[in-house]
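One letter stands for each residue in the lines below.
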Amino acid sequence: MAQFVHNLTEEVPALVNAAVIYSKTRLATFWYYTKVELIPPTPAEIPTAIQSLKKIINSAKTSSFKQLTVKEALLNGLVATEVWMWFYVGEIIAKHGIIGYDV
Amino acid sequence: MVPPVQVSPLIKLGRYSALFLGIAYGAKRYSFLKPREEEERRLAAEAKKKPDEQKRIERELAEAQEDTILK
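Residues numbered from 1 in each chain as written. Chains lettered and ligands numbered in written order. Predicted model: local features only at pLDDT ≥ 70, side-chain atom pairs only at ≥ 80, totals over all residues. Heavy atoms only, no water.

*Asks:* It is not clear to me how the domain arrangement of chain A should be interpreted in this structure. Could you clarify?
*Replies:* Reports often express the size of an interface as the amount of accessible area lost when the parts come together. Per the domain assignment, the segments making up chain A are domain 1 (1–39) and domain 2 (45–98). Each of domain 1 of chain A and domain 2 of chain A has a C-alpha centre, and the two are 39 Å apart. (Domains from an automatic or database assignment.)

Here is the structure:
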């Protein structure tokens, strides 16, 4: 019994330490990618965004979207789907539940 | 490690605006549905009252008859 307690007090700090270091490195990699990829658009980037939107509308008007390869079109479809899914994520946040509204 | 991808501003704008639109839509719909559900629950409670009343009457009648049988 005493041996068990002794082993416990020796190993638990080591385990806790390992867990902390593991989560710290993961957090660091997460932050590294988030800082570049997930930040909201700065006000300076909005004109660029509007330009891209105009280009897309233009390609729809002049039928130049038919020049896209199927692979490109599929990728665009995936990206559009991902953007639309954020709408549902927002709805989930607002209704405080995953499926259905809370009665 | 792979360097982080430079996301196009249109996609970033689209993501965040979709998120906020979703939150606004969810909040509006919730506030629209809440009084309706309370109204429905009130109606259901009232609709339950009559059958409950009937059951209570039947139960008391059964007890009254049972008394005479056991005597």
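*Asks:* Could you clarify how one ought to interpret the pattern of salt bridges in this entry?
*Replies:* Any two side chains of opposite charge can pair, so long as their charged atoms come close to each other. All names here are of chain B. In total, this model carries 7 salt bridges over all chains according to the counting rule given. The salt bridge partner of Asp-52 is Lys-48, with a shortest N-O separation of 3.6 Å. Here Asp-52 pairs with Lys-48, and both are found in helix 1 (residues 9–70), just 4 residues apart, close to one helical turn. Taking relative accessible area as the criterion, Lys-48 reaches 51% and is therefore assigned exposed. Salt-bridge contacts for Arg-56 lead to Glu-60; the nearest nitrogen and oxygen are separated by 3.2 Å. With Arg-56 and Glu-60 both in helix 1 and 4 residues apart, the pair spans about one turn of that helix. (Salt bridge = Lys/Arg side-chain N within 4 Å of Asp/Glu carboxyl O. Helix = DSSP H or I, 4+ residues; strand = E, 2+ residues; numbered from the N terminus. Buried < 20%, exposed > 50% of the residue type's maximum accessible area, 1.4 Å probe, protein only.)

*Asks:* Help me understand the side chain of Arg-15 of chain B, please; the structure alone is not making it clear to me.
*Replies:* Counting through the fold element by element, Arg-15 of chain B comes out in helix 1. Excluding anything up to four places from it in sequence, Arg-15 of chain B contacts Glu-37, Leu-38, Glu-82, Val-83 and Trp-86 of chain A together with Val-7 of chain B. (Contact = heavy atoms within 4.5 Å.)

*Asks:* Whenever I open this one, the layout of surface pockets confuses me. Can you help?
*Replies:* It is a probe the size of a water molecule, rolled over the atoms, that shows where empty space is left. In this model, the largest pocket occupies a volume close to 580 Å³. Listing elements by their share of the lining of the largest pocket, those giving two or more residues are helix 2 (46–61) and helix 3 (70–95) of chain A together with helix 1 of chain B. Tallied by class, the residues present in the lining of the largest pocket amount to 9 nonpolar, 6 polar and 1 charged. (1 Å grid on protein atoms, 1.4 Å probe; cavity = no way out; pocket = protein on both sides within 12 Å on 5 of 7 lines; lining within 4 Å. Points joined across faces, edges and corners; volume = space filled by probe spheres on them. Nonpolar A, V, L, I, M, F, W, Y, C, P; charged D, E, K, R; others polar.)

*Asks:* Please explain the environment of Trp-86 of chain A as it appears in this structure.
*Replies:* Looking at the secondary structure, you find Trp-86 of chain A in helix 3. Residues in contact with Trp-86 of chain A, not counting those within four places in the same chain, are Arg-15, Ala-18 and Leu-19 of chain B. Here the side chain of Trp-86 of chain A touches Glu-82 of chain A through a polar contact of 2.8 Å, side chain to side chain. (Polar contact = N/O pair within 3.5 Å; in protein donor to acceptor, adjacent residues only side chain to side chain.)

*Asks:* Can you walk me through the packing of aromatic side chains in this structure?
*Replies:* The way to describe two aromatic rings as a pair is by their centre distance and the angle between their planes. Using the criterion set out here, one finds 6 aromatic pairs over all chains in the structure. Consider the rings of Phe-87 of chain A and Tyr-88 of chain A, whose centres lie 5.6 Å apart with planes at 75 degrees: the pair is edge-to-face. Given the relative accessible area of 13%, Phe-87 of chain A is considered buried. Judged by relative accessible area, Tyr-88 of chain A falls into the partly exposed class, the value being 38%. Measuring from centroid to centroid gives 5.7 Å for Phe-87 of chain A and Tyr-25 of chain B, while their planes differ by 35 degrees, and the two rings are tilted. Highlighted residues: Phe-87 of chain A in helix 3 and Tyr-25 of chain B in helix 1, drawn from two different chains. In this structure, Lys-95 of chain A is placed above the aromatic ring of Tyr-101 of chain A, and the distance from its NZ or CZ to the ring centre is 4.9 Å. (Phe/Tyr/Trp six-rings, centres within 6.5 Å; stacked < 30°, edge-to-face > 60°. Lys NZ or Arg CZ within 6 Å of the ring centre and 35° of its normal.)

*Asks:* Is there a simple way to explain the interface of chain B and chain A in this structure?
*Replies:* With 29 residues of chain B in contact, the opposing surface of chain A contributes 29 residues. Taken together, the two surfaces of chain B and chain A that pack against each other cover about 2,700 Å², and 72% of this comes from carbon and sulfur. Put simply, chain B and chain A have 2 salt bridges between them. Between Arg-15 of chain B and Glu-82 of chain A there is a salt bridge; the shortest N-O distance is 2.7 Å. On inspection of chain B and its partner chain A, the count reaches 6 residue pairs in polar contact (both at pLDDT 80 or more). For the side of chain B that touches chain A, the per-class residue count stands at 19 nonpolar, 4 polar and 6 charged. (Buried area = accessible area lost by both parts, 1.4 Å probe.)

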